[in-house]
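Descriptive structure summary
Each chain, letter by letter, is given below.
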Amino acid sequence: MIPFGNQRINDYPTAQPFSGGQLSVFVQRWEELGAPQSVLKIISASRIPLCSKPTLTPNWHSSPFKTKVSSAMSNQIQLLLSQNVLERPHNPGPSFISRMFLITKNNGEFRPIFDLRGLNQHVRTKKFKLISHHKIPDFLQDGDWLVRIDLSNAYYHIPVVRNHRSLLRLSYNGELYQMTSLPFGLSSAPHTFAMVSNWVAETLRAQGVRVVVYLDDFLLASQNRATAHSQAIQAMKRLEFLGWHVNLNKCILEPCQELDFLGLTWNTVENRMSLPVKKARKIHLLSEELKSSGVCRLKQLQTLLGHLNFADYVIPRGRLHSRYLQIFLTNFNQRRPRQKLHIPTTAKSELKWWSEAVHLNSPLHKPPVQFFLTTDAADSGWGAQLGSHHMAGTWTNEQRDWHSNKKEMFAALSALREVVPQIQGSHVMLQTDNRSLAAYIRKEGGTKSFNLLELTYRLLQLVDDLQITLSASYLPGRYNGIADSLSRGKPLPEWHLLPAATEQIFKLWGAPEIDLFASRRSAVVTHYVSLDSTDQSASFHDAFSRPWRFKLAWVFPPPSLLPRTLAHLNKCQGTYLVIAPEWEQTFWRADLASRAVSPPIKIQNLKETLLDLTTGLPPPQVEKICLQVWKIGAGPR
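How each quantity is defined
Residues numbered from 1 in each chain as written. Predicted model: local features only at pLDDT ≥ 70, side-chain atom pairs only at ≥ 80, totals over all residues. Heavy atoms only, no water. Helix = DSSP H or I, 4+ residues; strand = E, 2+ residues; numbered from the N terminus. Buried < 20%, exposed > 50% of the residue type's maximum accessible area, 1.4 Å probe, protein only. Contact = heavy atoms within 4.5 Å. Pairing = 2+ DSSP bridges. Patch = residues over 30% accessible without salt bridge, like charges linked within 9 Å, V, L, I, M, F, W, Y side chains within 5 Å. Areas by Shrake-Rupley, 256 points an atom, 1.4 Å probe, with all protein chains shown as cover. Salt bridge = Lys/Arg side-chain N within 4 Å of Asp/Glu carboxyl O. Lys, Arg positive; Asp, Glu negative; His and termini not counted. Charge placed at Lys NZ, Arg CZ, Asp CG, Glu CD. Domains from an automatic or database assignment. UniProt positions renumbered as here; feature names shortened; annotations may be inferred. 1 Å grid on protein atoms, 1.4 Å probe; cavity = no way out; pocket = protein on both sides within 12 Å on 5 of 7 lines; lining within 4 Å. Points joined across faces, edges and corners; volume = space filled by probe spheres on them. Nonpolar A, V, L, I, M, F, W, Y, C, P; charged D, E, K, R; others polar. Axes fitted to C-alpha atoms, helices over the stretch in contact; angles between N-to-C directions. Parallel < 35°, antiparallel > 145°, perpendicular 65-115°, else oblique. Left-handed = near helix turned anticlockwise from the far one by under 90°. Polar contact = N/O pair within 3.5 Å; in protein donor to acceptor, adjacent residues only side chain to side chain. Core = buried A, V, L, I, M, F, W, Y, C linked by side-chain atoms within 4.5 Å.

1. Some thoughts on the side chain of Ser197
Within the secondary structure layout, Ser197 lies in helix 6 (residues 189-206). The exposure class assigned to Ser197 is buried, which follows from its relative accessible area of 0%. When near neighbours in sequence (up to four residues on either side) are disregarded, Ser197 contacts Val213, Leu215 and Phe218.

2. Details of the pairing of strand 14 (residues 264-267)
On strand 14, burial covers both faces: Leu264 and Trp266 on one face and Thr265 and Asn267 on the other are all buried. Counting the residues that bridge the hairpin from strand 13 (residues 258-261) to strand 14 gives 2 residues, and of these Leu262 lies at a positive phi of roughly 55°. In this sheet, strand 15 (residues 272-274) lies alongside strand 14 in antiparallel orientation, the contact comprising 3 bridges. When the bridges of strand 15 are listed, Asn267 appears paired with Arg272. Where strand 14 folds back onto strand 15 in an antiparallel hairpin, the turn is made up of 4 residues, including Asn271, whose phi is positive at roughly 55°.

3. Here we look at a positive patch on the surface
Where like charges cluster on the molecular surface, the positive patch consists of Arg319, Arg435, Arg442, Lys443 and Lys448. Inspection of the secondary structure puts Arg442 in helix 15 (residues 435-442). A relative accessible area of 49% places Arg442 in the partly exposed class.

4. Things to note about the domain arrangement of the protein chain
The domains assigned to the protein chain are domain 1 (22-256), domain 2 (277-363), domain 3 (371-488) and domain 4 (495-633). In this structure, domain 1 and domain 4 have C-alpha centres spaced 54 Å apart.

5. A word on the UniProt feature "domain: Reverse transcriptase" (unreviewed entry) in the protein chain
Those residues carrying the UniProt feature "domain: Reverse transcriptase" (unreviewed entry) are residues 84-266 in this numbering. Between the C-alpha atoms that bound residues 84-266 the distance is 37 Å, and the span itself is 24% helix and 28% strand.

6. Details of empty space enclosed by the protein
Taken as a whole and judged by the stated rule, the model has 1 cavity of 30 Å³ or more. A volume near 40 Å³ is recorded for the largest cavity. Residue composition of the lining of the largest cavity, grouped by class: 5 nonpolar, 3 polar and 1 charged.

7. Side note on the packing of helix 2 (residues 37-45) against helix 6
Their axes nearest at 10 Å, the elements helix 2 and helix 6 cross at an angle of 120°. Classified by the angle between their axes, helix 2 and helix 6 sit oblique to one another. For the crossing formed where helix 2 meets helix 6, the hand is left-handed. Of the residues in helix 6, those touching helix 2 at Ser38, Val39, Ile42 and Ile43 are Thr192, Met195, Val196 and Trp199. Residues belonging to the contact of helix 2 with helix 6 are distributed by class as follows: 6 nonpolar, 2 polar and no charged.

8. Some words on the side chain of Arg272
Looking at the secondary structure, you find Arg272 in strand 15. At a separation of 2.6 Å, a polar atom in the side chain of Arg272 contacts the side chain of Glu270. In this view, Arg272 contacts Glu258, Thr265, Trp266, Asn267, Asn361, Ser362, Pro363 and Leu364; residues no more than four positions away in its chain are not counted.

9. Regarding the layout of surface pockets
Think of a ball as big as a water molecule: rolled over the atoms, this probe shows where empty space is left. Approximately 2000 Å³ is the volume attributed to the largest pocket. Taken together, 49 residues form the lining of the largest pocket, with Lys366, His427, Thr469, Leu470 and Ser471 sitting closest to its centre. Among the secondary structure elements, those contributing two or more residues to the lining of the largest pocket are helix 5 (136-139), helix 10 (323-329), strand 18 (361-363), strand 22 (427-432), helix 15, helix 16 (450-465), strand 23 (469-474) and helix 19 (562-568). Top contributing element to the lining of the largest pocket by residue count: strand 23, with 4 residues. A class-by-class count of the residues in the lining of the largest pocket yields 24 nonpolar, 12 polar and 13 charged. One number sums up the size of the second largest pocket: a volume of about 1700 Å³. Residue lining of the second largest pocket: 42 residues in total, with Lys105, Asn106, Arg111, Asp150 and Lys250 positioned closest to the centre.

10. A closer look at the sheet that holds strand 32 (residues 627-633)
Strand order across the open sheet formed by 7 strands is 27-26-25-28-29-32-30, with mixed pairing between neighbours. Where the open sheet ends on each side, the last strands, each with one partner, are strand 27 (540-541) and strand 30 (601-602). In this structure, strand 26 (residues 528-530) lies alongside strand 27, joined through 2 bridges in parallel fashion. Within strand 27, the position partnered with Val529 by the bridge is Phe540.

11. Structural notes on the sheet that holds strand 14
Pairing in this open sheet of 4 strands is antiparallel, and the strands run 13-14-15-18 from one edge to the other. What marks the edges here is a single partner per strand, and that holds for strand 13 and strand 18. On average, each strand axis in the sheet is inclined to that of its neighbour by 25°, with strand direction left out of account.

12. Brief notes about the packing of helix 6 against helix 7 (residues 225-242)
Contact geometry for helix 6 and helix 7: axes closest at 11 Å, N-to-C directions at 135°. Regarding the angle of helix 6 to helix 7, the classification is oblique. In this structure, helix 6 crosses over helix 7, and the sense of that crossing is right-handed. Between helix 6 and helix 7, the residues in contact are Trp199, Val200, Thr203 and Leu204 and Ala235, Arg238, Leu239 and Leu242, respectively. Residues that form the contact of helix 6 with helix 7 fall into these classes: 6 nonpolar, 1 polar and 1 charged.

13. Remarks on unusual backbone geometry
Phi is mostly negative for residues that are not glycine, and the peptide bonds are mostly trans. Positive phi, close to 65°, is recorded for Asn84, a residue that is not glycine. Relative to the helices and strands, Asn84 is located in the loop between helix 3 (71-82) and strand 4 (86-87). Asn84 sits in the partly exposed class, given a relative accessible area of 33%. Phi is positive for Leu262, close to 55°, though the residue is something other than glycine.

14. Focus on the environment of Leu459
Along the chain, the position of Leu459 falls in helix 16. In sequence terms Leu459 and Glu444 are 15 residues apart; their C-alpha atoms lie 10.0 Å from each other. Discounting chain neighbours no more than four positions away, the residues touching Leu459 are Met409, Ala412, Leu413, Leu416 and Leu470.

15. Some remarks on the nonpolar core
The tendency in soluble globular proteins is for nonpolar side chains to be buried as a group. One finds Trp30, Ile149, Tyr155, Phe193, Val196, Phe218 and Trp244 to be the most contacted residues of the largest nonpolar core, which totals 63 residues. Apart from the residues lying within four places of it in its own chain, the contact partners of Phe193 are Leu151, Ala154, Tyr155, Ile158, Leu182, Leu215, Asp216 and Trp244. The next biggest cluster of nonpolar side chains, apart from the first, holds 47 residues, and it includes Val529, Leu552, Leu606 and Val622.

16. Digging into the pattern of salt bridges
Scanning all chains against the criterion turns up 17 salt bridges. With its nearest N and O atoms 2.6 Å apart, the salt bridge here joins Arg272 to Glu270. For Asp591, the salt bridge goes to Arg595, with nearest N and O atoms at 3.1 Å. Residue Asp591 and its partner Arg595 are both found in helix 20 (residues 589-595); the two are separated by 4 residues, about one turn of the helix. Taking relative accessible area as the criterion, Asp591 reaches 24% and is therefore assigned partly exposed. When salt bridges that share partners are traced, they join Glu87, Arg162 and Arg165 into one network.

As structure tokens, this is what we get:
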């Protein structure tokens, strides 16, 4: 029995011996809960999705694929027989023979794995996504109470249809055995199992449980401890009802605010994510071993980088301090696995950094973005915009010959240096029309350009010294007009929609009382807000200088200011007509859509209705520009 405060649950499937494929006994219960036919077919008797017919061995005795005999393997064979996961076939007949081997789990126990590489060549696999640790911060909320439930013998719950069991046979110590249940090692098994466990999670969500699942590992979260407590009981009962065995030794059933899930430690009170102690120690020892040796083989470096690639999600600047190790990896001859190479100084410094950094942690949730910095680089110079502050610079003779990507990185570095007093200790979103710059900031460098990597080091070192959280997003060049003009020394663009477009919008949704981003020339209604402090006709200056409280206002900011506009709306009241690019993949679109009180309207014929008042012509690339008008509400989101 497992205690839950004053309650006790004593009717678990773990009280009954586990039997391979036992979900088939509970099909009626799954039907009662509305399981789809695709799931019911799997739990009744799953089929191996073959794309071609495997060649079977007529005489299994002659197969060269015999499983190596050992006491540990004999114990596992006996255990699987007792659990009905393995059986002796009644009619040996033609067989597909594969080897079985053992891997050691974290708890020291063995997990039998079928080496089904031969069979997998004939198995059709579907692309699908499992939840990863990258998605957990979006799932968790500050102060959440957490519960983890882990299934035991996970895959073995699912039976394999009888006429496919001859494909899952092994020869061991003169005996022939076959799997009755879904084996580890079958390429289609993760997708098959995920279809089942994901549906179970859906039934819990339908009951109000906030839950994510990774195959056999469930994570429940609630803002209230008592609710987390009762939902843990609810989930355990649901799993029992459906025929699952729960691994009580690996579960965390008492609600807590720090636990390990998907290989990382999550703390919802201190807002941090970190490596578990064992993983941190493993990386420390591997780094110290290579650093002390001074030489390494390909496999050693690949093993270490595998650990680092996982850990850099929670170790601040972990990616940045893996780049020279990754570059070192390219020096190895893949055909000479025993080759030893001397570790270069740059890679040694990263080994030293990692051996000392494994106990660092990252924030589970970043602070809200406070500043939006837009940059651009051209042949003549660079330009940047931070709110109403504009910056520009020209290139030296040496810099003129730089690659465009390096110029873009230098533009970002120069702009950050110029606005240090404003942005220190804040979260800055850098918007750029250069994909390489955005990627190098998000991924903390790369391995293709030493020059760009060196400049990335300088930029991120400045960011860390100033305690800035820096994010980066791509802004298409056609919407990056202000920074682009600054970089070229040209007058700033001022987009304006002609009455042919605005009158149709006003007819549908009403005439706005004020235009919040305008000038005397561009305003679409009588009252407007201007950045020009000398404009005495403006209702006030700088739209962001005060909260907005309007029944209906016109909002057509430069596209680079849309994220700041949406953030400003959190402290405003009223209704707003917002003109925005039709751009599905941008990070701010979800916020815009969540505020909508009506579906957006596409503005037609921009070649005739959209002008840049600076030139008197449509904006460059107007044929690629697509604008929508959204009617949205203000207030916090």
